[in-house]
Amino acid sequence: MLPSRHLLLALAASAALPTAAPAAEVALPTGGVVREVDFERHVMGLVSKVGCNSGSCHGSFQGKGGFRLSLFGYEPATDIAGLTRDNLGRRVNVVRPDESLFLLKATGQTYHDGGMRFGKDSWVYNTFREWVRAGARWTPGSGKIEKLEVSPKDFALLANDKPLQVKVTATFADGTAEDITPFCDFKITDDAVASLSPLGLLTPRQPGDAGLTVLYRGSVQAIRVLVPSPGKGPYPAVPEANYIDREVFAKLKLLNVVPSDPASDATFLRRAYIDAVGQLPTPDEVREYLADKDPKKREKLVDKLLAHPLHAALWATKLSDITGNNTQALENPQQTQPRRSQMWHDWLRKRVADNVPYDRVVRDIVTATSLDGRTPEDWVAFVKKVDEQSAKGFATDYPEKSTLDLFWRRQQVVPIEVWGEKVAVAFLGVRLECCQCHKHPTDRWTQEEYWAFANLFANVTFPTNQFSSPDVKKAVDVENAARREAAPKGGNNQLLLVREVFVSPTAGNRGKPNPATGNTPRPKTLGGPEIAAKAGEDARVKLAEWMTAPDNPFFARSFVNRVWAHYFGVGLVNPVDDFSLANPPTNARLLDALADAFAKSGFDLRKLERDILLSRTYGLDYATNASNKFDKNNFSHAYVRALMAEQVVDVLNSALAVDETFGAQDGVPAGTKVVEVGSSRINNPNLAYALRIFGRPPRTTACDCERAADPALPQTLFRMTDASILAKFTDAKGRVAALAKGKLTPEELADELFLATLTRLPTADQKAGAVEAIKGAKTRAEGITDVIWALVNTREFILNH
């Protein structure tokens, strides 16, 4: 409560205030004007744009001196209260508008941590001042947007070095439409392609493609900005293998970018092997492929690789990342965690190997329970068998289980909102974390929708010593009692007990309220229907039905984007798990075509991959031409890209013809490839270090960003000097030892080493250098080692192209 003296002064001052003066029209830099009747409509949009206030900068949840503004002006009632009523109303002065504190600070006349935001002679200042002069009024609902339209609609084509003005039109709740371009906030993803003024004027800089995002008071729209290459003669006819090429080449033609020529057979062979199975072909396989004259040999190669056992293993590794197969987070005891991660990986691997439709795979993850409809006795017997198999070896019968209950089996209790985030990003490509406390700044999702989606998982439980029915508890108690009896004395803390993932029979008792309202939202899909929480029903079943429907706006598009990114190094939406209004696809028609074909095929992963691998686009060379040298996201040529960490180790082992060494605690059989290992925790310190520096993720968060792909100095030093790598060169069973004992001539050895590492024959100069090194070495083994060491330390070896 104010002291009485201050209260009397405030009352006296307010009583003396005269009626606000009429406001003048304000001229806008785009040619229009803001009239007094429009001030209420636009002032909060302007606050959002300039990002300033009397005590904090826009984007802050809590500003200086207690001044709070909502993110992007999404809560105008709160913002207007902060401007006009908080702090004794000192921020506005309707009698002397120019003395309003928020204007003095924003123009730098009074010190302000946010700095100067606009000049005193600007249209922004005049708009704010005239709004204050007119009484700083605001009516609830004023300026509410029904529709936001950007012109040009889908893409802005900046041809002939001419600038282009973007225009934004808002349709308000009262039905009126108005040009609001000056009040919008504009962002471009690549300013090397085009410069962007605060008022939306685009000026081309170099040929390319970038995303342009338009924001206005929580509404978001995005378009692509295209700068064509300079034209030289008619555009050539480019052959198309399938619908993928049709959409890729159509956009390239619009950009006047000519795709590169097809890659050589050797380049295609190496690329496909690394992408599809994470290995290198042997020298004999390279020779056989290069000698094959069959015009359909690429088709035969693709079919062979997609049926290869390691293809399923590679995708099980990628799906383990996506689904969060984090060994450290799985249920105790700790020594069983790597085996459970392996079961998880093997369950996924079997689905890929059997080409189970992707929608069914996801349903069997999202709706997983422990029982899978078995009787309690049958389930306990199955668990007992799997646990015994796991204790003795690498393989178990867990992949025969209908659903992946390991997805839900975590040692620590996982909050339902985290489950919502995990499911949304893994299977819909939607990041929801920002919505936990406020409306998503660059997407449609609100805090209410965040908690409504989280509440779909409110009744999924994995408790200790609680079960779905008395019969289950009875069967489990007998088995757990037997395990305790058989355990060594004092070892009960590391005892593996039977636990159950199930859905609580009491509906609606675990939902969480929206902190902003205190009310508990009804469970609801993202942008879809509500799902009533009825007793005895699993809300996840209806969620999975909605999620995997062919017309779901996220499901198919999200997954085909992940597959595309795997084979090209960059997604059509990038990052691959960030589908949002502010992150449009680089080729929307291609993304829609891929998703449509995927859904119509019954979500057939193998067909999707075959379509991609046999497209002319996938088979293009990495060498660029004059028109496509700046292309980074339109797939006019193959992009040189880093390997997955598991691929790095396996490719190196392929080149040296050695097997990886795992720690005794890992329990991994000899001859196992790294891509076949499910655990994110490796006990061999040398291997663990290699996987870490090359970016293998710990899978602790639901974000694709965890898997790093950036080059780093430790990676180079590892290949050049690490003792574990050098030991592979001298392995008695490896390639160096075998070739040293063989009878190949130095010339033949040079060919063999290039085929084993780079999947191609050396050039004449390269061959001469290799032969000289082999002949000049003290021993044949040293010469071979020197050459192969040099080859595995090239960029050509460590990158896919």
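**Student:** Hey, could you go over the overall build of the protein for me, with residue numbers and the actual values?
**Tutor:** Along the backbone of the protein there are 29 helices and 16 strands. Each of the three principal axes of the protein carries a C-alpha extent, and together these read 105 × 80 × 50 Å. Among the 801 residues that make up the protein, the fraction classed as buried is 55%. Long-range pairs, those at least 24 residues apart, make up 67% of the contacts in the protein between residues at least 6 apart in sequence. Carbon and sulfur atoms provide 53% of the accessible area of the protein, an area that totals close to 34,900 Å². Distance between charge centroids for the protein: 2 Å, based on 99 positive and 95 negative side chains.

**Student:** So what's going on with a nonpolar patch on the surface? Which residues, and what values?
**Tutor:** On the surface, Phe155, Leu157 and Leu254 cluster together into a nonpolar patch covering about 220 Å² of accessible area. Tracing the backbone shows Leu157 in strand S4 (residues 155–157). Given the relative accessible area of 34%, Leu157 is considered partly exposed.

**Student:** I'd like to hear about the sheet that holds strand S6 (residues 167–172), residue by residue, with values.
**Tutor:** Spatial ordering of the open sheet is given by S3-S6-S7, a layout of three strands whose pairing is antiparallel. Edge positions in the open sheet fall to strand S3 (145–151) and strand S7 (177–179), since each of these has one partner strand only. Across this sheet, the average inter-strand angle for adjacent strands is 20 degrees, counted without regard to direction. Bridge analysis of S6 against S7 gives three bridges, and the strand direction is antiparallel. Bridging from a neighbouring strand, Ala170 pairs with Glu178 of S7.

**Student:** Could you give an account of the pairing of strand S12 (residues 219–227), naming the residues involved and the relevant values?
**Tutor:** For S12, the tally of buried residues reaches seven of nine residues, placing the bulk of the element in the interior. Note: S4 against S12, three bridges, orientation parallel. Bridge assignment links Leu157 to a residue of S12, and that residue is Leu226. Pairing analysis gives nine bridges linking strand S11 (residues 208–216) to S12, with the strands arranged antiparallel. Note on S12: the bridge partner recorded for Ala210 is Val225. Hairpin connection between S11 and S12: a loop of two residues separates the two successive antiparallel strands, and Arg217 in this loop has a positive phi of roughly 50 degrees.

**Student:** I'd love a proper account of the state of the cysteines, names of residues and values included.
**Tutor:** For the structure on display, the rule yields one disulfide. Here Cys703 engages in a disulfide with Cys705; their sulfurs sit 2.2 Å apart. Linking Cys703 and Cys705, the disulfide has an S-S dihedral of approximately 130 degrees and is accordingly described as right-handed. Residue class for Cys705 comes out exposed when judged on its relative accessible area of 57%.

**Student:** How would you explain unusual backbone geometry if you had to name every residue and give the values?
**Tutor:** The peptide bond linking Ser151 to Pro152 adopts the cis configuration, its omega dihedral lying at 5 degrees. Mapped onto the fold, Pro152 is located in the loop between S3 and S4. Cis rather than trans, the peptide bond between Asn574 and Pro575 has omega equal to 0 degrees. Along the chain, Pro575 falls in the loop between helix H18 (555–568) and helix H19 (588–600). Notably, Asp161 is not glycine yet its phi reads approximately 60 degrees, a positive angle. Examined against the element boundaries, Asp161 turns out to sit in the loop between S4 and strand S5 (164–165). The phi dihedral of Asn256 falls on the positive side, at around 60 degrees, and the residue is not glycine. Within the secondary structure, Asn256 is located in the loop between helix H6 (243–254) and helix H7 (265–277).

**Student:** Outline the sheet that holds strand S8 (residues 185–188), supporting the account with residue identities and numerical values.
**Tutor:** Within the open sheet, the four strands sit side by side as S4-S12-S11-S8. Their pairing is mixed. Only two strands of the sheet have a single neighbouring strand rather than two, namely S4 and S8. With direction set aside, neighbouring strand axes in the sheet form an average angle of 25 degrees.

**Student:** I'd love a proper account of the environment of Ser264, names of residues and values included.
**Tutor:** Structurally, the position occupied by Ser264 is in the loop between H6 and H7. Accessibility expressed as a relative area gives 39% for Ser264, which makes it partly exposed. Distance in space between the C-alpha atoms of Ser264 and Leu290 is 9.6 Å, their sequence separation being 26 residues.

**Student:** Describe the packing of aromatic side chains, with residues and values.
**Tutor:** In this structure the tally under the stated criterion is 29 aromatic pairs. A ring pair is formed by Trp344 and Phe407, whose centres lie 6.3 Å apart and whose planes are at 65 degrees; its orientation type is edge-to-face. A residue pair is termed long-range when its members are at least 10 positions apart, and Trp344 in helix H11 (residues 337–353) and Phe407 in the loop between helix H13 (376–392) and helix H14 (416–427) qualify at 63 residues. Phe407 sits in the buried class, given a relative accessible area of 1%.

**Student:** How would you sum up the nonpolar core? Please name residues and give values.
**Tutor:** Nonpolar side chains tend toward joint burial in soluble globular proteins. Counting 108 residues, the largest nonpolar core has Met547, Trp564 and Leu594 as its most contacted members. Beyond its immediate chain neighbours, meaning those up to four positions away, Met547 contacts Val362, Val366, Val423, Phe427, Leu428, Asn552 and Phe555. Residues Val92, Ile145, Ala170 and Ala194 belong to the second largest nonpolar core, which totals 47 residues.

**Student:** With reference to specific residues and values, describe the pattern of salt bridges.
**Tutor:** Overall, the coordinates contain 52 salt bridges when judged by the stated rule. Note that Lys350 and Asp354 form a salt bridge whose closest N and O atoms lie 3.0 Å from each other. On the basis of relative accessible area, Asp354 is assigned to the partly exposed category, the value being 45%. Between Lys542 and Glu537 there is a salt bridge; the shortest N-O distance is 4.0 Å. By relative accessible area, Glu537 is classed as partly exposed at 38%.

Definitions and cut-offs
- Residues numbered from 1 in each chain as written.
- Predicted model: local features only at pLDDT ≥ 70, side-chain atom pairs only at ≥ 80, totals over all residues.
- Heavy atoms only, no water.
- Helix = DSSP H or I, 4+ residues; strand = E, 2+ residues; numbered from the N terminus.
- Buried < 20%, exposed > 50% of the residue type's maximum accessible area, 1.4 Å probe, protein only.
- Contact = heavy atoms within 4.5 Å.
- Areas by Shrake-Rupley, 256 points an atom, 1.4 Å probe, with all protein chains shown as cover.
- Lys, Arg positive; Asp, Glu negative; His and termini not counted.
- Charge placed at Lys NZ, Arg CZ, Asp CG, Glu CD.
- Patch = residues over 30% accessible without salt bridge, like charges linked within 9 Å, V, L, I, M, F, W, Y side chains within 5 Å.
- Salt bridge = Lys/Arg side-chain N within 4 Å of Asp/Glu carboxyl O.
- Pairing = 2+ DSSP bridges.
- Axes fitted to C-alpha atoms, helices over the stretch in contact; angles between N-to-C directions.
- Disulfide = S-S within 2.5 Å.
- Phe/Tyr/Trp six-rings, centres within 6.5 Å; stacked < 30°, edge-to-face > 60°.
- Core = buried A, V, L, I, M, F, W, Y, C linked by side-chain atoms within 4.5 Å.

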